[in-house]
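# Structural overview
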There are 2 protein chains.
Amino acid sequence: MKIMKKEDLIGQLREKGLKITPQRLAIIDALVENRTRHPGATLIYNEAKKKAKRVSLSTVYATLKELSASGLIKAMEFDRMENRYDANLSEHLNLICKRCGAIVDFNLPATIEQKDITRKTGFVVTDTRMEYYGYCGDCLKRPE
Amino acid sequence: MKIMKKEDLIGQLREKGLKITPQRLAIIDALVENRTRHPGATLIYNEAKKKAKRVSLSTVYATLKELSASGLIKAMEFDRMENRYDANLSEHLNLICKRCGAIVDFNLPATIEQKDITRKTGFVVTDTRMEYYGYCGDCLKRPE
DNA sequence: GTAACTGCAAATGCTTTGCACCCCT
DNA sequence: AGGGGTGCAAAGCATTTGCAGTTAC
């Protein structure tokens with residue numbers, strides 16, 4: 001569990017026998033460079049367009065799907081809001097601003113024991129999602 | 001923070017000057033009686049149809065929206081999966097089976113200090129979402 | 001009586017899919 | 001050379017919206 005870098009992602013794709021195309025490079029760049037913003041498909045698409053002359057939204061979606069299916073990045077799925085993607089695979093809490101949509105990481109002081117859960121319930125944990133919703137400091141300062 | 005019962009929900013709606021219609025009663029019943037299953041709109045719709053002669057999916061959605069906007073129940077939103085609703089407002093962890101979609105509650109041994117977060121980041125927490133994904137005991141026993 | 005509620009159908013918006021063409025390796 | 005990758009347009013699907021008719025209070 002770590003913060004994935006460009007080389008990590010490319011290396012892993014290569015190892016799986018997948019192709020490194022200009023589109024994928026641009027998408028991975030956009031993903032990694034905007035990591036702390038937890039970008040959505042649209043932002044990644046717009047950023048990727050700057051580097052690769054030809055990219056389509058479908059390709060962005062396909063690549064993000066491939067990466068998260070392989071466990072190389074984490075997809076954060078929402079209902080009304082665009083999904084967001086995270087190259088930080090370490091276990092952490094996400095603080096999500098309900099006004100501006102900003103998502104920032106917060107390291108947990110202590111994590112919940114997954115073995116404890118399995119022992120008590122038989123449930124085997126494969127991945128976690130911990131989100132706190134509210135308002136970020138910037139939005140609280142802003143009027144309205 | 002508590003587990004909402006039928007009377008709680010109806011009382012709160014009344015206090016807000018909202019109408020108690022047969023549809024809403026049926027929806028609230030379905031919600032409360034299936035609380036531990038964390039029902040989705042479709043399940044609630046099908047259950048509600050048994051009690052109220054006339055209900056539509058739109059009404060189910062409208063009512064669930066009203067209840068969650070008022071903070072009387074908690075909406076759990078997903079992307080590819082139907083949203084699920086929870087009348088248990090206490091802070092707890094949800095264990096979500098990726099195979100059968102079952103959602104069960106798990107009480108937390110200790111919760112993360114929200115004041116700590118505000119002090120360190122300026123972010124004010126209004127509601128939380130803590131989910132662990134994986135496979136439930138039943139699905140693990142089952143072949144395939 | 002009247003504001004709120006309901007049901008229907010159409011619209012929304014993000015994401016996926018089908019398919020012909022393309023290009024990494 | 002060949003199978004994965006790409007772009008486009010169309011389809012999917014849960015949820016919302018517009019609106020005319022209905023109903024709880």
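## Some points on the protein's contact with DNA strand C
Taken together, 19 residues lie around DNA strand C, and Tyr61 of chain A together with Thr21, Arg24, Arg54 and Thr59 of chain B are the ones closest in. Put simply, 78% of the atoms of DNA strand C that lie within 4 Å of the protein are in sugar or phosphate. Note that a phosphate oxygen of DNA strand C is positioned 2.5 Å from one of the side-chain N or O atoms of Arg24 of chain B. With respect to DNA strand C, the backbone of Arg54 of chain B contributes an N or O atom lying 2.7 Å from a phosphate oxygen. Ranked by residue count, the leading element in the surface near DNA strand C is helix H4 (residues 57-69) of chain A, at three residues.

## What to know about the pattern of salt bridges
Within the structure shown, the criterion is met by 24 salt bridges over all chains. One network of salt bridges, in which partners are shared, links Lys6, Asp29, Glu33 and Lys51 of chain A.

## Considerations on the protein's contact with DNA strand D
Around DNA strand D, the structure places 20 residues, and the nearest of them are Lys19, Thr21, Arg24 and Thr59 of chain A together with Tyr61 of chain B. Within 4 Å of the protein, the contacting atoms of DNA strand D are 77% sugar and phosphate, with bases supplying the remainder. For DNA strand D, a phosphate oxygen lies 2.5 Å from a polar atom in the side chain of Thr21 of chain A. In this structure, Thr59 of chain A approaches DNA strand D through a side-chain N or O atom, which is 2.2 Å from a phosphate oxygen. Of all elements in the fold, only helix H2 (22-33) and H4 of chain A together with helix H4 (57-69) of chain B reach the threshold of two or more residues within the surface near DNA strand D. The element that contributes the greatest number of residues to the surface near DNA strand D is H4 of chain B, accounting for three residues. Split by residue class, the surface near DNA strand D holds five nonpolar, seven polar and eight charged.

## A short note on the packing of aromatic side chains
Two aromatic rings are characterised by how far apart their centres lie and by the angle between their planes. Within the structure shown, the criterion is met by zero aromatic pairs over all chains. In this arrangement the basic side chain of Arg129 of chain A is found over the ring face of Phe78 of chain A, its NZ or CZ atom lying 5.1 Å from the centre.

## Examining the nonpolar core
Formed by 26 residues in total, the largest nonpolar core has its most connected members in Leu93, Ile117 and Tyr132 of chain A together with Leu93, Ile117 and Tyr132 of chain B. Going through the elements one at a time, strand S3 (92-97) and strand S5 (124-135) of chain A together with strand S3 (93-97) and strand S5 (124-135) of chain B are the ones with two or more residues in this core.

## Brief notes about the relation of the copies chain B and chain A
The transform that puts chain B on chain A rotates by 180 degrees and translates by 0.0 Å along the axis, for an RMSD of 0.1 Å. Taken together, the turn and the small shift mark the pair as related by a two-fold rotation axis. When the interface residues of chain B are mapped onto chain A, 100% of them are again interface residues, pointing to one common binding face.

## Some words on the interface of chain B and chain A
The partner chain A presents 35 residues to the 35 residues of chain B that form the contact. Summed over both sides, the interface of chain B with chain A buries roughly 3,000 Å², with 65% coming from carbon and sulfur. At the boundary of chain B with chain A, the tally comes to four salt bridges. Ionic pairing is found between Glu131 of chain A and Arg129 of chain B, a salt bridge with its closest N-O pair at 3.9 Å. Our count for the contact surface shared by chain B and chain A stands at 16 residue pairs in polar contact (both at pLDDT 80 or more). Examining the composition of the side of chain B that touches chain A, we find that 12 residues originate from one element, S5 of chain B, more than from any other. The residue makeup of the side of chain B that touches chain A, split by class, is 18 nonpolar, eight polar and nine charged. Relative to S5 of chain B, S5 of chain A is paired through 11 bridges, and the arrangement is antiparallel. Along S5 of chain B, the bridge assignment pairs Asp127 of chain A with Tyr133 of chain B.

## Focus: the packing of helix H1 (residues 6-15) of chain A against H2 of chain A
All names here are of chain A. Two elements in contact, H1 and H2, have axes separated by 9 Å at closest approach and are oriented at 145 degrees. The handedness of the crossing between H1 and H2 is right-handed. Each of Lys6, Leu9, Ile10 and Leu13 in H1 lies in contact with H2, whose residues at this interface are Arg24, Leu25, Ile28, Asp29 and Val32. Across the contact of H1 with H2, the residue classes tally to six nonpolar, no polar and three charged.

## Concerning the domain arrangement of chain A
Residues and elements named next belong to chain A. When its domains are assigned, chain A resolves into domain 1 (6-84) and domain 2 (91-141). The C-alpha-based centres of domain 1 and domain 2 are spaced at 22 Å. In total, about 730 Å² of surface goes out of reach between domain 1 and domain 2, with carbon and sulfur atoms giving 47% of it. Our count for the domain 1 to domain 2 interface comes out at zero salt bridges.

## Some remarks on the packing of H2 of chain A against H4 of chain A
Think of two packed helices as two axes; the pair is described by the angle between the axes and how far apart they sit. All names here are of chain A. Closest axis-to-axis distance for the H2/H4 pair is 10 Å, and the angle between their directions is 70 degrees. Viewed along their axes, H2 and H4 adopt a mutual orientation that is roughly perpendicular. Handedness of the H2/H4 crossing: right-handed. On H4, the residues that touch Gln23, Arg24, Ile27, Ile28 and Leu31 of H2 are Thr59, Val60, Thr63, Leu64 and Leu67.

What counts as what
Residues numbered from 1 in each chain as written. Chains lettered and ligands numbered in written order. Predicted model: local features only at pLDDT ≥ 70, side-chain atom pairs only at ≥ 80, totals over all residues. Heavy atoms only, no water. Near = heavy atom within 4 Å. Polar contact = N/O pair within 3.5 Å; in protein donor to acceptor, adjacent residues only side chain to side chain. Helix = DSSP H or I, 4+ residues; strand = E, 2+ residues; numbered from the N terminus. Salt bridge = Lys/Arg side-chain N within 4 Å of Asp/Glu carboxyl O. Nonpolar A, V, L, I, M, F, W, Y, C, P; charged D, E, K, R; others polar. Phe/Tyr/Trp six-rings, centres within 6.5 Å; stacked < 30°, edge-to-face > 60°. Lys NZ or Arg CZ within 6 Å of the ring centre and 35° of its normal. Core = buried A, V, L, I, M, F, W, Y, C linked by side-chain atoms within 4.5 Å. Buried < 20%, exposed > 50% of the residue type's maximum accessible area, 1.4 Å probe, protein only. Least-squares fit on C-alpha atoms with pLDDT ≥ 70 in both. Contact = heavy atoms within 4.5 Å. Buried area = accessible area lost by both parts, 1.4 Å probe. Pairing = 2+ DSSP bridges. Axes fitted to C-alpha atoms, helices over the stretch in contact; angles between N-to-C directions. Left-handed = near helix turned anticlockwise from the far one by under 90°. Domains from an automatic or database assignment. Parallel < 35°, antiparallel > 145°, perpendicular 65-115°, else oblique.

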